[in-house]
Amino acid sequence: MENPMRFNKQHFLIFFIFFYANITISQTITSISPKQNETNVPPNSNIVFGFDVQPDPLYVNSESIFIYGSQTGRKKGNLEIFESGYSVKFTPNTQFKAGEIITAIISQKLKFINGQLLPKPLIWQFYIGALHGDSNFFKGQTFEIIQNQRESRESSDVCGIDIDGNNSIEILIPYMNSNEYGIFELSDGQYYQRTSLSLGSDFPASVMAADLNMDYKIDLLVFASGPTQSWINSGDFTFMHISSIEDITTSSILNDFNGDGDFDIATLDTYENKLKILMNNGHGIFNYYSEIQVGSWPLSITSGDFDNDFDMDIAVSDGATSLNILTNNGMGNFSNSQVLNAEGHNLSIRSCDFNNDGYPDIAAANKFNRTVTIFINDKKGSFIKYDKIDTGYSLHYLNYSDFNADGNIDIVAAGSLGSYILLNNGDGSFELGQNLIRGDFIIVGDYDMDGDIDIGLSSKYNDELQLYKNNSYPEVFNLVSPSDSERLNNLGDFIHFSWNKSNDPDNDSLKYCLQIYNSSTNITIENISNNFYDLFWWEFIKPEEKYHWSVSVSDNYSIIVSADTFSFRIILPKEFITYQNYPNPFNRSTHISYLTPSAGHVIVSIFDLQGKLLTTIVDKFEQPGYHQVVFYADRYASGLYLCYVKFKNITKVRKMLLVK
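Each value, and the rule that gives it
- Residues numbered from 1 in each chain as written.
- Predicted model: local features only at pLDDT ≥ 70, side-chain atom pairs only at ≥ 80, totals over all residues.
- Heavy atoms only, no water.
- Core = buried A, V, L, I, M, F, W, Y, C linked by side-chain atoms within 4.5 Å.
- Buried < 20%, exposed > 50% of the residue type's maximum accessible area, 1.4 Å probe, protein only.
- Helix = DSSP H or I, 4+ residues; strand = E, 2+ residues; numbered from the N terminus.
- Contact = heavy atoms within 4.5 Å.
- Pairing = 2+ DSSP bridges.
- Axes fitted to C-alpha atoms, helices over the stretch in contact; angles between N-to-C directions.
- Phe/Tyr/Trp six-rings, centres within 6.5 Å; stacked < 30°, edge-to-face > 60°.
- Lys NZ or Arg CZ within 6 Å of the ring centre and 35° of its normal.

(A) Examining the nonpolar core more closely. Within the largest apolar cluster, 32 residues are counted, with the highest numbers of intra-cluster contacts made by L221, L275 and I314. Of all elements in the fold, only strand 3 (65–69), strand 14 (206–210), strand 15 (219–223), strand 18 (252–255), strand 19 (264–269), strand 20 (274–280), strand 21 (286–293) and strand 23 (313–318) reach the threshold of two or more residues within this core. Looking at which element gives the most residues to this core, the answer is strand 20, with four residues. Contacts of L275, omitting those with residues within four sequence positions, involve A266, T267, L268, S290, E291, I292, V294, I301, I314 and L326.

(B) A look at the sheet that holds strand 1 (residues 29–33). Spatial ordering of the open sheet is given by 1-2-6-5, a layout of four strands whose pairing is antiparallel. A strand with exactly one partner marks an edge of an open sheet, and here the two such strands are strand 1 and strand 5 (77–82). Each adjacent strand pair in this sheet contributes to an overall mean axis angle of 15 degrees, direction not counted. Both strand 5 and strand 6 (residues 87–92) contribute to a ladder of six bridges, which runs antiparallel. Within strand 6, the residue paired with E80 across the bridge is K89.

(C) View of the packing of aromatic side chains. Counted under the stated rule, the structure contains 33 aromatic pairs. Look at F96 and F126: their rings are 6.3 Å apart centre to centre, the planes differ by 80 degrees, and that puts the pair in the edge-to-face class. Of this pair, F96 sits in the loop between strand 6 and strand 7 (101–106) while F126 sits in strand 8 (residues 122–127), placing them 30 residues apart in sequence. For the pair formed by F96 and F126, the shared burial category is buried. Note on F143 and F184: the rings are 5.0 Å apart at their centroids and 75 degrees apart in plane angle, and the pair reads as edge-to-face. Of this pair, F143 sits in strand 9 (residues 137–144) while F184 sits in strand 12 (residues 180–187), and the two are 41 residues apart along the sequence. For F184, a relative accessible area of 9% corresponds to the buried category. Each member of the aromatic cluster is reached from another via a ring pair, and the members are F49, F51, F112, W124 and F310. Looking at K89, its charged tip hangs above the ring of F82, at a distance of 5.8 Å from the centre.

(D) Focus on unusual backbone geometry. Looking along the chain, the bond that leaves S481 and enters P482 is cis, with omega of 0 degrees. For the bond from Y582 to P583, the omega torsion is -5 degrees, close enough to zero to count as cis. Within the fold, P583 resides in the loop between strand 46 (577–582) and strand 47 (589–596). A positive phi is found at N308, a non-glycine position, where the angle reads about 55 degrees. Residue position: N308 is located in the loop between strand 22 (298–304) and strand 23. You can call N308 buried: its relative accessible area is 17%. One non-glycine residue, F310, lies in the positive phi region at around 70 degrees. Mapped onto the elements, F310 comes out in the loop between strand 22 and strand 23. Take F310: its relative accessible area is 14%, and that puts it in the buried class.

Take a look at the structure:
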């Protein structure tokens, strides 16, 4: 009889297949934070990912894990294994920037303690939220863009990115007449030209920037009349040319399409109707890898993980009104998965999660229909037309960010006659926001380093780049004193008005404006720097009448009114009161004030220190209330004088100092 414990070849083969399959399947990611396509991620976030098998600590390093910021390049940081060895945390050395797109890459160089490699590279993206912002834009700095052939009106695309690694964004502007790029650097809230780069390009028209050789410095791809050139950053705003690439068009994007940790190129060949993929060898040198047919006359391109399988897919719009969705197999090979009717000539498409469901959607700008169409991801990598926003402008370009800091991704659409902010309602539907100048190209980012997202619009019609500052409103504040409906008595010469301080998220200088009013009086005191004001009330306020008061604050861009409006009234005292003359000391004249609780005869006289009567300025019967008289001292010498105020049988004396 055959031994039941004995393995024959068939048993062994079944066991081996089962064992190997389990090992292969077990190398999977179980959790990531922030999540795929997550929006409104805090700038101080860490990146955490967990596996169902422990990663080998020897392979958890910068050779297997890559973190890139769209405006700051590759991020340096600390990699730490925790949670019994199943999770890895990346803590960046510097915070992410507001508005950045973060790309996290785990390559197949990551090894596990069971000796197995990661079966497939893992790539995902998320979006850093704005700290504040009200989508309240004001014109800021203007830059001249110099073009060589004005009659051709070739687009001169600009770029905003942190070239020198100081965490502020530099602006690159091509000068076509001198074959140079101007680099502008932020200093004390303004951009100044730091240097000019002569990159040897004929008529530079556009530039893309990213860390092309994984050395934590921002490099450049320069598009010009000749071949596209790859320039590697040598530090201190110097660059070294390392390669030229033929047949790369400005309709190109950079992303890691094969998961090896560096940025590859996807470019559209308009004449051959093809998408071409060029792979980076890790040193900023690109080689053609694959190509695929995409519609007719392809115009614009964008990328995103449409099917949430941890690789970057591609969408292409074409001149035949189609939107082509291409799925990545994880290694940079693409296949057509869907063709949508986009209803027009879409010159610009962008991908982001517009309805907050964790899947990237697509926005398309239509030149002739003057609309922005939103295509929502069905969570399977296919798209459904969802919303169409009529801007009234022939549109050229789209960009996006959270402009009003509500956690939803908004859109800015640039057109030949004007540009619009489109504010996201949170479900992927949009409303028209602020109208801006016309433009052809848009950059977005925190250009003044105040935590909100600003906009730059470049225009081939005006040959300029116009920066727009996203101004955050000063915070609402409350009134303090006099309290609401307060009855004021026993006052001196002044009413002390006070309120809570407002805070300005942009750290702009604030000025307050105090308003006091009733049906017959309107008093406005402007340019108050503090959160209080002492009003010499005798000149303005009548006792027993009801007054309202409120305060507004301005940051030179916007005005915010206090959250409440209070009322008060001054109650006449029951005794006779005199007040110190104002001003005191005085030069030419001074005000003498007193309050009578009832009707009666009043005498106001001025004496010198020897008791000599100099003049009587009041001698009459007066009604109850506040009274004021002016003493003119032109014919008197400097010195101390006595003011006698007699009401009925009561006399009060105050000293006054005349200084000439």
